[in-house]
Amino acid sequence: MTKPRSRIAMIVPVPVPEAALSSFAAQIPESLAGQTDIEFSCAERGGATLDSYYEGALADFYCLKAGIEAAQRGCDAVCINSMSDSGVTALRSRLNIPVIGTAQSTYLAACLLGKRFSILSMWHRWSWLYEKVIAEQGLGHRLASIRSIDVPPDTEDLLQGKEDFVFPLLESAARIAVEEDGADVLIIGSTTMHQSHAFLEKTIDVPVLNPGLVAFKTCELLLALDLSHSKASFIQPQAHSDNNLASGADLA
């Protein structure tokens, strides 16, 4: 009997136009997708760039809503397609299907490949979200550095058209991370930066992780092994209050 195709919901935690969702989806080639159907969507409302804890709280709310809706549509796993891991712990409490945080899965993959990793970031205002997940995972001793090139992000075009000045800045930051900070693995600091992966992989002589791909393949691994998060840690609510999420759409 042929195994049915799996459906994975990849959720971007801020509102983005349809064209941007297509750019996110383009990072996963058909050769890697295999027998998996990937559904990219985004938070229906919220902040624009995850520049603060405030926008992070909005993203948590709307990712919780989007993740529950994805499960109700029949998706087999939910992945928050962002290094913010917005709403992941709440979704693990609410859902039984695998819920993957891009940051958590990427940091843990880096720990498999080397002793210390550095994060290459577009923007210093994203440092809070890296520090949040690293603290949650107890991985501070594995972090060599966070190196930012301080170019404000573009959630619509991502890096399209900016390669000529962004790629050299990322290369310089990557070399400093390896040669001065002691990193032996590098992590691209946002799924909005995925176009830089092929360039950095060819340029820098240590493993470079593309977080969107790592998270997607982590979802596939858990589905293939029929594993999901432990309900001993992510306790199921005694009653569902999903109707309360609908009222959030009225927030100004």
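Details of the structure are given in the entry above.
Here the structure is a predicted model, which means the values were calculated and not measured. Throughout this description, residue numbers start from 1 for each chain and increase along the sequence as written. Side-chain atom pairs in this predicted model are given and counted only at pLDDT of 80 or more, local residue features only at pLDDT of at least 70, and totals for whole chains, interfaces and linings cover all residues. Values shown for side chains rest on all heavy atoms present in the structure; no hydrogens or waters enter the calculation.

What about the nonpolar core?
Formally: Residues enter a nonpolar core if they are buried and are Ala, Val, Leu, Ile, Met, Phe, Trp, Tyr or Cys, with the set joined through side-chain atoms within 4.5 Å. Three labels apply to residues, based on accessible area from a 1.4 Å probe with only protein chains included: buried if under 20% of the type maximum, exposed if over 50%, partly exposed otherwise in between. Note on contacts: a residue pair qualifies if any of its non-hydrogen atoms lie within 4.5 Å across the two residues.
By size, the foremost hydrophobic cluster in this structure holds 61 residues, and its most contacted members are Y107, F117, M122, L186 and L200. Look past the residues within four positions of F117 in its chain and what remains in contact with it is Y107, A110, C111, I134, R142, L143, A144, S145, A183, V185 and I187. Counting 15 residues, the second-largest nonpolar core is a separate cluster that includes L64, A66, C75 and L95.

A closer look at the packing of aromatic side chains
This is how the line gets drawn: Working definition: rings of Phe, Tyr and Trp (its six-membered ring) pair if their centres are within 6.5 Å, and the pair is stacked with planes under 30 degrees apart, edge-to-face with planes over 60 apart, and tilted otherwise.
According to the stated counting rule, one finds five aromatic pairs in the structure shown. Plain terms: the ring middles of F61 and Y62 are 5.0 Å apart, the flat faces sit at 80° to each other, and that makes the pair edge-to-face.

Remarks on unusual backbone geometry
Rules: Segments assigned H or I by DSSP are reported as helices when at least four residues long, segments assigned E as strands when at least two residues long, and all are numbered from the N terminus.
Unusually for a residue other than glycine, L50 sits at a positive phi of about 55°. Owing to a relative accessible area of 6%, L50 belongs among the buried residues under this scheme. Its identity is not glycine, yet D150 carries a phi of approximately 55°, on the positive side. Residue placement: D150 occurs in the loop between β6 (143-148) and α7 (163-179). Residue class for D150 comes out partly exposed when judged on its relative accessible area of 43%.

Brief notes about the pattern of salt bridges
As a reminder, the rule being used: Whenever a carboxyl oxygen of Asp or Glu lies within 4 Å of a side-chain nitrogen of Lys or Arg, that contact is scored as a salt bridge.
Enumeration over the complete set of coordinates arrives at 10 salt bridges. The partner of E39 in a salt bridge is R7, and the shortest N-O contact between them spans 2.7 Å. Here the residue E39 occupies a position in strand β2 (residues 36-42), and R7 occupies one in strand β1 (residues 6-12), the gap between them amounting to 32 residues. Given the relative accessible area of 23%, E39 is considered partly exposed. In this structure, D181 engages R147 in a salt bridge whose closest nitrogen and oxygen atoms are separated by 2.8 Å. With a gap of 34 residues between them, D181 in the loop between α7 and β7 (185-188) and R147 in strand β6 connect regions that are remote in the sequence. Judged by relative accessible area, which is 16%, D181 ranks as buried.

Examining helix α1 (residues 18-25)
Count 3.6 residues to each turn of an α-helix, and residues three or four apart come out pointing the same way. Rules: Regarding the arc, it is the one traced by the directions from the helix axis to the C-beta atoms.
For α1, the full list of buried residues reads A20, L21 and F24. One side of α1 carries all its buried residues, which in axial view fall inside an arc of 105°. α1 presents E18 and A19 as exposed residues on the side facing more than 90 degrees away from its buried surface. In this structure, the buried residues of α1 make contact with β1 and β2.

With respect to the pairing of β7
Where we set the bar: The pairing criterion is simple: DSSP has to find at least two bridges between the two strands. Handedness of a crossover is defined as follows: with both strands directed away from the viewer, a clockwise route from the first strand across the helix to the second makes it right-handed.
Neither face of β7 is left uncovered, since the one carrying V185 and I187 and the one carrying L186 and I188 both have all their residues buried. In terms of strand pairing, strand β5 (residues 117-121) meets β7 through four bridges, oriented parallel. Of the residues in β7, the one forming a bridge with S118 is L186. Relative to strand β8 (residues 208-209), β7 is paired through two bridges, and the arrangement is parallel. The residue of β8 that forms the bridge with I187 is L209. The parallel pair β7 and β8, bridged by helix α8 (residues 197-203), forms a crossover whose chirality is right-handed.

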